Amino acid sequence: MVSVLSVKNLSFSYGPVEVLSDVSFDVEKGDYVGLAGPNGAGKTTLVKTVLGLSERSRGVVKLFGRELKSFDGWDRIGYLSQRVTAFNPLFPASVKEVVKLGLLSQKKFPRRFTESDSVKIRQSLDLMGISDLEDKPVSDLSGGQQQRVFLARALVSNPDLLILDEPGTALDQPSREGFFEFIKKLNQDKGITIILITHDTAQIGQYANKLLYMDKKVVFYGSFSDFCKSTEMHQYFGHFSQHLICHQH
Ligand code: ADP
């Protein structure tokens, strides 16, 4: 088993309010983890901590076997944040330019782009089926198209781990399913490890192989079949909700 992410006894507080409480779990290469839990459960905070964006946490986080403090393989991680609209719509960047930004983290100063970067950008646009949009301003695109652009940016450095925060919210139901399906293909065909934050607990079991359900602490972490069999989860969620989460077809 190759460890991609290991979190041990992680706690985090905003002022006096504890948001993550003694969180521990391990993600292995090839996993597709659905990260679920109610609003305010600490999911985004957990992801920010793992990405080194949130300081003052207690506990140990290791990425690809390296402690966060000494980790320098950020180009191995693709991240798609919750709000694609956080991108300033007045900033006149083209699709190609936005995707190019995904290669910046691996560049040392002075940052120069090479022919092999152009190839990577073309491949990523191609993979997302948006090559024909490459010169369009991102602000002119639909929500679904923008989502693809940002995913192309997250994928351009060929990451081993892809972290997606609520990616479906900008999409209607059919595009949402298409998007989940596409992520599943990345996981299966390219072996990319996925951590996907979602509200859609009723659907995620169709795609993910593991469920991490949090509410400040870890309520459940394991396979969907273990979740479905768990009498403890039956008590926690009640029969109906447990059944809904188990619905995998
Ligand atoms: P989730 O992603 O599961 O909805 P969050 O990690 O966004 O949860 O938030 C967890 C809790 O931390 C919530 O109660 C939220 O209000 C609080 N919180 C989030 N960001 C901040 C912040 N910058 N300052 C203070 N409290 C925050």
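Note that the structure is predicted; figures quoted are calculated from it, not measured. The residue numbers shown here count from 1 along each chain, following its written sequence. Selection of residues for local features in this predicted model requires a pLDDT of at least 70, selection of side-chain atom pairs for listing and counting requires 80 or more, and totals for whole chains, interfaces and linings are taken over all residues. Computation of side-chain values covers all heavy atoms of the structure but excludes hydrogens and water.

Caption draft 1: Representation of helix H4 (residues 143–155) in the model. The terminal C-alpha atoms of H4 lie 18 Å apart, and with 13 residues this matches the ideal 18 Å at 1.5 Å per residue to within 8%. Gln-146, Gln-147, Val-149, Phe-150, Leu-151, Ala-152, Ala-154 and Leu-155 are the residues of H4 that are buried. Residues count as neighbours in contact if any of their non-hydrogen atoms are within 4.5 Å of one another. Helix and strand labels come from DSSP, where a helix needs a run of H or I of at least four residues and a strand needs a run of E of at least two; each type is numbered from the N terminus. Contacts made by the buried residues of H4 are with strand E6 (77–80), helix H2 (95–101), helix H3 (115–127), strand E7 (161–165) and helix H5 (173–190). What a helix is expected to span follows from its residue count: subtract one and scale by 1.5 Å. Here's how the labels work: a residue is buried when its accessible area is under 20% of the maximum for its type, exposed when over 50%, partly exposed in between, all with a 1.4 Å probe on protein chains only.

Caption draft 2: A look at the packing of H4 against H5. One can describe the packing of H4 onto H5 by two numbers: an axis separation of 13 Å at closest approach and a directional angle of 15°. Classified by the angle between their axes, H4 and H5 sit roughly parallel to one another. Of the two possible hands of crossing, H4 and H5 adopt the one that is right-handed. Counted together, Gln-147, Leu-151 and Leu-155 of H4 and Phe-179, Phe-182, Ile-183 and Leu-186 of H5 form the full contact between these two elements. Looking at the contact of H4 with H5 residue by residue, the class counts come to six nonpolar, one polar and no charged. To obtain an axis, a line is fitted to C-alpha atoms, over the contacting stretch when the element is a helix, and the angle between two such axes runs from 0 to 180 degrees between their N-to-C directions. Should an angle lie under 35 degrees it is considered roughly parallel, over 145 roughly antiparallel, and from 65 to 115 roughly perpendicular; all remaining angles are considered oblique. In a left-handed crossing the near helix is turned counterclockwise from the far helix by less than a right angle, and in a right-handed crossing that turn is clockwise. Charged residues are taken to be Asp, Glu, Lys and Arg, nonpolar residues to be Ala, Val, Leu, Ile, Met, Phe, Trp, Tyr, Cys and Pro, and polar residues to be all remaining types, Gly included.

Caption draft 3: Local environment of the packing of aromatic side chains. Any two of the Phe, Tyr and Trp rings considered here, Trp counted by its six-membered ring, make a pair once their centres fall within 6.5 Å; the pair's planes then place it as stacked at under 30 degrees, edge-to-face at over 60, or tilted in between. Taken as a whole and assessed by the stated rule, the structure comprises nine aromatic pairs. Chaining the aromatic ring pairs together yields one cluster made of Tyr-213, Phe-220, Phe-227, Tyr-236 and Phe-237.

Caption draft 4: Seen up close, the site of the ligand. Whether a residue is near a molecule or strand is decided by its heavy atoms; if any one of them lies within 4 Å of it, the residue is near. Taken together, Tyr-14, Val-19, Pro-38, Asn-39, Gly-40, Ala-41, Gly-42, Lys-43, Thr-44 and Thr-45 form the complete shell of residues around the ligand. Measuring from a nitrogen atom of the ligand, one finds a side-chain N or O atom of Tyr-14 at 3.3 Å. We call two N or O atoms a polar contact when they sit within 3.5 Å, provided that within protein one can donate a hydrogen and the other can accept it, with sequence-adjacent residues counted only if both atoms are side-chain atoms. Taking Gly-42, its main chain carries an N or O atom lying 3.0 Å from an oxygen atom of the ligand. All accessible-area figures derive from a Shrake-Rupley calculation using a 1.4 Å probe, and residue coverage is judged against the displayed protein chains alone. The fraction of the free accessible surface of the ligand (560 Å²) that becomes covered by protein chains is 54%. No other element matches helix H1 (residues 43–50), which puts three residues into the shell around the ligand. The class makeup of the residues in the shell around the ligand is four nonpolar, five polar and one charged.

Caption draft 5: Broad picture of unusual backbone geometry. The residue Asn-158 is not glycine, and still its phi comes out positive at about 60°. Positionally, Asn-158 belongs in the loop between H4 and E7. With a phi angle near 70°, Lys-216 is a residue other than glycine that sits in the positive phi range. Secondary-structure assignment places Lys-216 in the loop between strand E9 (210–215) and strand E10 (217–223). You can call Lys-216 partly exposed: its relative accessible area is 34%.

Caption draft 6: Local environment of H1. In terms of burial, H1 is a largely internal element, six of the eight residues being buried. All buried positions along H1 are accounted for by Lys-43, Thr-45, Leu-46, Val-47, Thr-49 and Val-50. Phi turns positive, to about 75°, at Gly-52, one or two residues after H1.

Caption draft 7: Molecular detail of the pattern of salt bridges. Put simply, a salt bridge is a Lys or Arg side-chain nitrogen that is within 4 Å of an Asp or Glu carboxyl oxygen. Counted under the stated rule, the structure contains nine salt bridges. Asp-31 is the salt-bridge partner of Lys-210, the closest N and O atoms lying 2.8 Å from each other. Pair noted here: Lys-210 is in strand E9 and Asp-31 is in the loop between strand E2 (17–28) and strand E3 (32–36), with a separation of 179 residues, a long-range link. Assessed through its relative accessible area of 16%, Lys-210 is described here as buried.

Caption draft 8: Region of interest: the pairing of E10. Two strands qualify as a pair provided DSSP detects at least 2 bridges between them. Relative to E10, E9 runs antiparallel, the two being bridged by six bridges. Counted as the bridge partner of Tyr-213 is Phe-220 from E10.

Caption draft 9: Representation of the pairing of E7. Across the five residues that make up E7, a large majority, five, are buried. Of the two faces of E7, the one holding Leu-161, Ile-163 and Asp-165 and the one holding Leu-162 and Leu-164 are both buried throughout. Two elements, E7 and strand E8 (residues 193–197), share five bridges in a ladder whose sense is parallel. What sits directly across from Leu-164, in E8, is Leu-196.

Caption draft 10: Representation of the confidence of the model for the protein. Scored from 0 to 100, pLDDT records how confident the predictor is in each individual residue. Taken residue by residue, the protein gives an average pLDDT of 87. The fraction at 70 or more is 90%. At the low end of the mean pLDDT range in the protein sits helix H6 (residues 201–204), at 81; at the high end sits E2, at 96.

Caption draft 11: Structural detail: the sheet that holds strand E5 (residues 66–67). Read from one edge to the other, the open sheet built from four strands follows the order E2-E1-E4-E5, with strand pairing classed as antiparallel. Each of the sheet's edge strands pairs with one partner strand only, and the pair in question is E2 and E5. Here five bridges tie strand E1 (residues 3–14) to strand E4 (residues 58–63), and the two strands are oriented antiparallel to one another. Counterpart to Lys-8 in the pairing with E4 is Val-60.

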